[in-house]
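The primary structure of each chain is shown beneath.
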Amino acid sequence: MINQPIEVVVVGGGMVGAAAALGLAQNGFQVAVIDHAAPPAFDAAGAPDIRISSISSASVDLLKGLGVWQAVKAMRSHPYRQLETWEWESAHVVFNADELKLPELGYMVENNVLQRALWEALEAHPRVTLYCPAQLTQMRRRSAGYELMLADGLALDAKLVIGADGANSQVRKWAGIGLHAWHYHQACMLITVQCEAAPGESTWQQFTPDGPHAFLPLFDNWASLVWYDRPARIRQLQTLGMAQLQREIEKAFPARLGKVTPVASGAFPLTRRHALHYVQPGLALIGDAAHTIHPLAGQGVNLGYRDVEALLDVVINARGNGEAWSTEPVLKRFERRRQIDNFIMQSGMDLFYAGFSNDLPPVRMLRNLGLMAAQRAGVLKRQALKYALGLS
């Protein structure tokens, strides 16, 4: 057993954890990343990853600051300039990049592409050590940090452990940090499709009594459909072949979708989670390890990147000022900045979910009147869009 002293260990090298590790390394920290598997190599001729993220302008700025955005664009990404949502045809809300004088609202990017771009930057950085494939088996509190045990017998000593190991975070469990959590009465199916024509630069979402149907444009003639429905209905859709699924899409999605050919699909249940605390002495949770959100507005990874930005700011400034940067009083600054923001965004999505999951006629009328009012809200509408994009 060999003890390897290191300043920061990031558990989880996904889209959020890798960004945190890279940002710290670029600012002089010695960083180790533990992950069970490296992201697959990019295949320019292959179909897109089923998992797609809507990356906001603020997240793009973070990735540019880390020096990886050009690598993302060199692989695959697709800008979107308009976002539209409706239930009744007479009650559309349209958000356009021109309203904020932006070239685009954001980009649709495959999760594998984001992770691959970050991973390659980590591999090339002299202050980063990658332990992959590796399995973390134990985490023990020490007077000045943590000792982490790997399955191969290696032990790492770290002043700071960053838990970025996803919604079922083992780091969070070992730290004894509890959760507020509940299941939504919905599941989500992601469907990769080929369109007859280029999908354009507008993403849209139609609310239905059983759940929203969304369209995410991708590169060339590719797009991704998001189908929310009762868990039993999603399980039934998962049993269908692609030809049968195509017929179900034609029946369920609006005519504006046009003819699409499904190529691959995947599904997952929807659960809200929020950690009671984000930090302890020498430990911080970020991304899905700290919070998961209903994916209605595609905010999950963007909230994770806001976590990264705040954590980097707090820790780097503390070190620059000669403070004990891994202590709880310093890390609490990160928690205070992020916990309320994440809670507000979670609650907003919950309101949408609750408001559009009820099929009573008076409720339907009220929510569609609300959409009509939102479309005419002017300054308030622009402020809501700026907040969702992380620009305010």
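Not measured: the values here are computed from a predicted model.

A word on the sheet that holds strand E6 (residues 92–96). Taken together, eight strands build an open sheet; the order of strands is E6-E5-E13-E14-E15-E12-E16-E19 and the sheet is mixed. Edge strands, defined here as strands with exactly one partner in the open sheet, are E6 and strand E19 (291–292). Relative to strand E14 (residues 213–217), strand E13 (residues 202–206) runs antiparallel, the two sharing three bridges. Across the sheet, Trp 204 pairs through a bridge with Phe 215, a residue of E14.

Moving on to empty space enclosed by the protein. Using the criterion set out here, one finds one cavity of 30 Å³ or more in the structure. Of the voids in this model, the largest cavity is the one considered here, and its volume is about 30 Å³. Lining the largest cavity, in full, are Arg 76, Ser 77, His 78, Met 108, Val 109, Glu 110, Leu 218 and Phe 219. Take the lining of the largest cavity: its biggest share by element is three residues, from strand E7 (residues 106–110). Classifying every residue of the lining of the largest cavity gives four nonpolar, two polar and two charged.

Before going further, it helps to spend a moment on the confidence of the model for the protein chain. Residues at a pLDDT of 70 or more form 85% of the protein chain, whose mean pLDDT is 88. Residue range residues 377–381 is modelled with pLDDT below 50. Its contacts to residues more than four positions away, or to other chains, number five contacts.

Counting buried positions over the six residues of strand E10 (residues 145–150) gives six, a clear majority of the element. Counted along the chain from strand E9 (residues 136–142) to the antiparallel partner E10, the turn is two residues long. Here four bridges tie E10 to strand E11 (residues 155–163), and the two strands are oriented antiparallel to one another. Bridge assignment links Glu 147 to a residue of E11, and that residue is Asp 157.

This part takes up helix H1 (residues 15–26). For H1, which comprises 12 residues, the first-to-last C-alpha distance of 17 Å matches the rise-based estimate of 16 Å (1.5 Å per residue) to within 8%. A large share of H1 lies buried, amounting to 11 of its 12 residues. Listing the buried residues of H1 in full gives Met 15, Val 16, Gly 17, Ala 18, Ala 19, Ala 20, Ala 21, Leu 22, Gly 23, Leu 24 and Ala 25. Looking at the residues trailing H1, positive phi occurs at Gly 28, about 95°.

Going through the model one piece at a time under the given rule, you end up with 18 salt bridges. A salt bridge links Asp 229 to Arg 230; the shortest N-O distance between them is 3.5 Å. Since its relative accessible area comes to 43%, Arg 230 is described here as partly exposed. Connected via shared salt-bridge partners are Arg 306, Asp 307, Arg 338 and Asp 341.

Cut-offs used in this document
- Residues numbered from 1 in each chain as written.
- Predicted model: local features only at pLDDT ≥ 70, side-chain atom pairs only at ≥ 80, totals over all residues.
- Heavy atoms only, no water.
- Pairing = 2+ DSSP bridges.
- Helix = DSSP H or I, 4+ residues; strand = E, 2+ residues; numbered from the N terminus.
- 1 Å grid on protein atoms, 1.4 Å probe; cavity = no way out; pocket = protein on both sides within 12 Å on 5 of 7 lines; lining within 4 Å.
- Points joined across faces, edges and corners; volume = space filled by probe spheres on them.
- Nonpolar A, V, L, I, M, F, W, Y, C, P; charged D, E, K, R; others polar.
- pLDDT = per-residue confidence, 0-100.
- Contact = heavy atoms within 4.5 Å.
- Buried < 20%, exposed > 50% of the residue type's maximum accessible area, 1.4 Å probe, protein only.
- Expected span 1.5 Å × (residues − 1).
- Salt bridge = Lys/Arg side-chain N within 4 Å of Asp/Glu carboxyl O.

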